[in-house]
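Chain by chain, the residues:
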Amino acid sequence: MGIFIGDDTKLVVQGITGRDGSFHTRQMMEYGTRVVAGVTPGKGGRTFDDAVPVFDTVEEAVSEAGANTSVIYVPARFAADAVFEAADAGIALIVCITEGVPVGDMLRVLPYVREKGARLIGPNCPGLIVPGRCKVGILPGQIVREGPVGIVSRSGTLTYEVIFQLTRAGLGQSACVGIGGDPLIGTDFVDCLAAFEADPETEAVAVIGEIGGTDEQVAAAYVSREMSKPVVGFIAGQTAPPGRRMGHAGAIISGSEGTAEEKIRAFERHGIGVARRPADLVGLLGRRRQ
Amino acid sequence: MRDPKRECDDDPMNIHEYQAREIFARHGIPVPEAEVAVTAEEAAAAADRFGGAVVVKAQVHAGGRGKAGGVKLAATAAEARDSAEAILGMEIKGIEVRRVLVAPAEDIASEAYVGIVLDRARQADTVMVSSEGGVDIEEVAATMPEAIRKVAVDPRYGLFAHQAAGLGHHLYDDPGAARQAASIIAKLYKTYRTSGATLAEINPMIVNPAGEVKAIDAKMNIDDNALFRLPGVAALRDTEAENPAEVRAREAELSYIQLDGNVGCCVNGAGLAMATMDLVKYYGGEPANFLDIGGSSNPDKVVAALELITEDPNVNSILFNIFGGITRCDDVANGIVEATSRMELGVPITIRLTGTNEEEGVAILAAQGFEAMVDMDRAVETAVHRAGSRTGGEPGDGGG
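This one's a predicted model, so the numbers in the text were calculated from it and none came from an experiment. (Residues numbered from 1 in each chain as written. Chains lettered and ligands numbered in written order. Predicted model: local features only at pLDDT ≥ 70, side-chain atom pairs only at ≥ 80, totals over all residues.)

Chemist: A description of the sheet that holds strand β4 (residues 71–74) of chain B should follow, citing residues and the corresponding values.
Modeler: All names here are of chain B. Taken together, the four strands give an open sheet; going across it, the order is β2-β7-β3-β4, and neighbouring strands pair in antiparallel fashion. Of all strands in the sheet, those bounded by a partner on one side alone are β2 (35–37) and β4. Going from strand to strand, the sheet's axes swing by 25 degrees on average, the running direction of each strand aside. Looking at chain direction, strand β3 (residues 54–58) and strand β7 (residues 100–104) are connected through five bridges and run antiparallel. Of the residues in β7, the one forming a bridge with Lys57 is Leu101. Against the sheet, helix α3 (residues 77–87) touches β2, β3, β4 and β7, its axis set at about 10 degrees to β3. (Pairing = 2+ DSSP bridges. Helix = DSSP H or I, 4+ residues; strand = E, 2+ residues; numbered from the N terminus. Axes fitted to C-alpha atoms, helices over the stretch in contact; angles between N-to-C directions. Contact = placed C-beta atoms within 7 Å.)

Following this line, the structure appears as structure tokens:
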């Protein structure tokens, strides 16, 4: 079944004619995702790869092609408006891959998306994949495998690493969601944990966190309060120096709560098994699922 | 109480106090006049022009400059020269002081704190005030949290006038001072919003014996993702006040932070880069840097990354950890081959490559005599071992 996306997903790609947009549209279609439309203002009326109609607006993609999900590959300066446009057009799930969106833009985007009843994943995220069914974003389809483990992560390539290690060990995934590395994001750990708890195909969940903010602590409390399924975790940035931003805009330690140590303690306090290395997640998941 | 600034300081672009003062003044915040000096003579001349006592303050991107001796009171122009002489050229947290700010010393009746930061958890900008000014807000939060008052700003409407007024009255019993403070707070919020800031601070905001409220210090951090639409703010970046290697990294579109260890790391993706550093430590080594080459497939970036790593004299083992997604393994391999044909690495290199175009990448490397691994743990362990055997070995013994 997976979470957030699946057989009902009808995708519109915002920025379909761009370099990243076109490349990943082909990858998503190859994976089996139903891409029903693309949007690039000024290029409406064309057909992408003889298969996907391109529109000038998301509104047309919804009314004429029935899109219910959007993925955004537009440059950072246009990303906030692309989210506003998708929410305005009635898109239910908006996945923003774009990196480098000004945080001030996201401040205005988040309440708007909520008012419209839409869900935003990202920005600055790799998107999500339900193995064997549907992928929205840039997660490499060849490393996933169908199975019982849900993965939620703030990272991109570290998520691939974890998926790769689980798959190599024979542990498949029910869904993998990259929620993004920015300080302000649309969907957090708790949203994903709740969805995994409700998903009958998910038997256990791996949470991949990193330094900065307090989302991991909030997630840990949620797990012990609300979840029946076993949850394991990994925190990146145990060797990160305080006060420096480690690539992701959200990954900075300022104050003790943002440290890996504090997050690991919160996980342990709430009964979440913590892997010291990504490779240790395999053993932890194996034990917890018994 | 939690550290009120803990989740907000999330960008690397700092501007100097004198630059923040200029921005504040442009937005109508009362900031006493001051001059920037780069020599002791200029500082003395400025003090002479102001007449009377002045404060000489180091202009660096580092906190704790007062404790480091970077702020001095001078009663005369001659004293101002001596103070500037002492401060210019001094190092504060590893950064050389190249400029001082000279400002008339103010008569202070009371000091307060005003700050605006992004609160990640509430997904809103938050204005904080405290009647305990002149000290770090973190310290006040720890010792007397009840002195701090916070309001969250609805991003759709901005700071309401009644919110600013309420904060002014929290700070001052005197209605005149409260009104002035409310006006300063409202202007500070406008400055913050229109400058792409993630932090704006006045510490201290003072009341003088005449009852005037003024901003004596000014601090701002800028979201560098917002700079594309703020060329005036972007021009304020002082690259001389930053680590030169990190400046060059930014120009090459790499994310690089120098650390103290000896294993030079080159990784694609920030989360994986951090996890790689952690794994270096796990296997008994110390990372020399954080380096994320990002998602692009550009061999030039790999060359620039290798240049940065090899210039760090502490590095005695280089580790590549690449999980190809958008990044293609063959592009990274080409970059490694190109870089090593141009320069002598002088230290062993360990390469882990997997993902997009892995086979092509491995073949390109193999043709040049480089071995590539698939397993991250094995690669990290190998790189740490190579670093250790080089530090541990006698000079001239091949290091095993």
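That shown, we press on.
Chemist: Which residues make up the environment of Val60 of chain B, and what values go with them?
Modeler: Structurally, Val60 of chain B is set in the loop between β3 and β4. Setting aside residues no more than four positions away along its own chain, Val60 of chain B makes contact with Arg65, Gly70, Ile92, Ile95, Val97 and Ala241 of chain B.

Chemist: Quick rundown of the environment of Gln173 of chain A? Include the residues and the values.
Modeler: Residues and elements named next belong to chain A. On the secondary structure map, Gln173 appears in strand β11 (residues 173–178). As a C-alpha pair, Gln173 and Glu146 span 27 residues in sequence and 5.2 Å in three-dimensional space. Excluding residues within four positions of it along the chain, Gln173 makes contact with Pro131, Val144, Arg145, Gly147, Val149, Ile151, Ile163 and Leu166.

Chemist: Describe the domain arrangement of chain A, with residues and values.
Modeler: All names here are of chain A. If you check the domain split of chain A, you get domain 1 (11–121) and domain 2 (140–288). Centre-to-centre separation of domain 1 and domain 2, based on C-alpha positions: 27 Å. Taken together, the contact between domain 1 and domain 2 spans eleven residues of the former and eight residues of the latter. Secondary-structure elements contributing two or more residues to the side of domain 1 that touches domain 2 are α1 (19–31), α4 (103–115) and β7 (119–121). Grouping the amino acids of the side of domain 1 that touches domain 2 by side-chain chemistry returns nine nonpolar, one polar and one charged. (Domains from an automatic or database assignment. Nonpolar A, V, L, I, M, F, W, Y, C, P; charged D, E, K, R; others polar.)

Chemist: So what about the domain arrangement of chain B? Which residues, and what values?
Modeler: Partitioning chain B into domains gives domain 1 (33–104), domain 2 (108–234) and domain 3 (244–392). Here the C-alpha centre of domain 3 of chain B lies 43 Å away from the C-alpha centre of domain 1 of chain B.

Chemist: Tell me about the sheet that holds strand β8 (residues 127–130) of chain A, residues and numbers included.
Modeler: Residue and element names in this part refer to chain A. Pairing in this open sheet of seven strands is mixed, and the strands run β9-β8-β11-β10-β12-β13-β14 from one edge to the other. The open sheet is flanked by β9 (134–137) and β14 (273–274), the only strands paired with a single partner. Note that strand β10 (residues 146–153) and β11 share six bridges and pair parallel. Of the residues in β11, the one forming a bridge with Ile151 is Cys176. Strands in contact with helix α5 (residues 157–168) are β10, β11, β12 (204–210) and β13 (231–236); relative to β10, the strand with the most contacts, it is inclined by about 160 degrees.

Chemist: A description of the packing of helix α2 (residues 40–50) of chain B against α3 of chain B should follow, citing residues and the corresponding values.
Modeler: Residues and elements named next belong to chain B. Where α2 contacts α3, the two axes come as close as 8 Å, and the packing angle between them is 150 degrees. As α2 runs across α3, the sense of the crossing is right-handed. Here Ala40, Glu41, Ala43, Ala44, Ala47 and Asp48 of α2 come into contact with α3, specifically with Ala77, Ala78, Ala80, Arg81, Ala84 and Glu85. Here the contact of α2 with α3 is composed, by residue class, of eight nonpolar, no polar and four charged. (Left-handed = near helix turned anticlockwise from the far one by under 90°.)

Chemist: Account for the packing of helix α3 (residues 76–88) of chain A against α4 of chain A, naming residues and giving values.
Modeler: Residues and elements named next belong to chain A. The geometry of α3 relative to α4 is characterised by a closest axis approach of 10 Å and an angle of 10 degrees between their N-to-C directions. As the angle between them shows, α3 and α4 are arranged roughly parallel. Seen from α3, the contacting residues are Ala80, Val83, Phe84 and Ala87; seen from α4, they are Asp105, Val109, Tyr112 and Val113. (Parallel < 35°, antiparallel > 145°, perpendicular 65-115°, else oblique.)

Chemist: Describe in detail helix α7 (residues 215–226) of chain A, supporting the description with residues and values.
Modeler: All names here are of chain A. The end-to-end C-alpha separation of α7 is 16 Å, in line with the 16 Å expected for twelve residues at 1.5 Å each. Within the span of α7, buried status applies to Asp215, Glu216, Gln217, Ala219, Ala220 and Val223. Those residues of α7 that are buried lie in contact with α6 (189–198), β12, β13 and α8 (260–269). (Expected span 1.5 Å × (residues − 1). Buried ≥ 20, exposed ≤ 12 C-beta atoms within 10 Å, placed from the backbone.)

Chemist: An account of the nonpolar core is needed here, citing residue identities and associated values.
Modeler: Ranked by internal contacts, the top residues of the largest apolar core, which has 204 residues, are Ile72, Val83 and Ile94 of chain A together with Ile185 and Leu291 of chain B. If one sorts the elements of this core by residue count, helix α6 (residues 175–194) of chain B sits on top with nine residues. One finds Ala44, Ala47, Val54 and Ala74 of chain B within the second-largest nonpolar core, a separate group that totals 22 residues. (Core = buried A, V, L, I, M, F, W, Y, C linked by C-beta atoms within 7 Å.)

Chemist: Hey, could you go over the pairing of β3 of chain B for me, with residue numbers and the actual values?
Modeler: Residue and element names in this part refer to chain B. By the criterion of burial, β3 is predominantly enclosed, with five of the five residues buried. A two-sided burial pattern is seen for β3, the buried positions comprising Val54, Val56 and Ala58 on one face and Val55 and Lys57 on the other. In terms of strand pairing, β3 meets β4 through four bridges, oriented antiparallel. Paired with Val54 across the bridge in β4 is Ala74.

Chemist: Tell me about the environment of Met373 of chain B, residues and numbers included.
Modeler: All names here are of chain B. Looking at the secondary structure, you find Met373 in strand β19 (residues 372–373). Through-space distance from the C-alpha of Met373 to that of Asp173 is 69 Å; in sequence the pair is 200 residues apart. Discounting chain neighbours no more than four positions away, the residues touching Met373 are Ile351, Arg352, Arg378 and Ala379.

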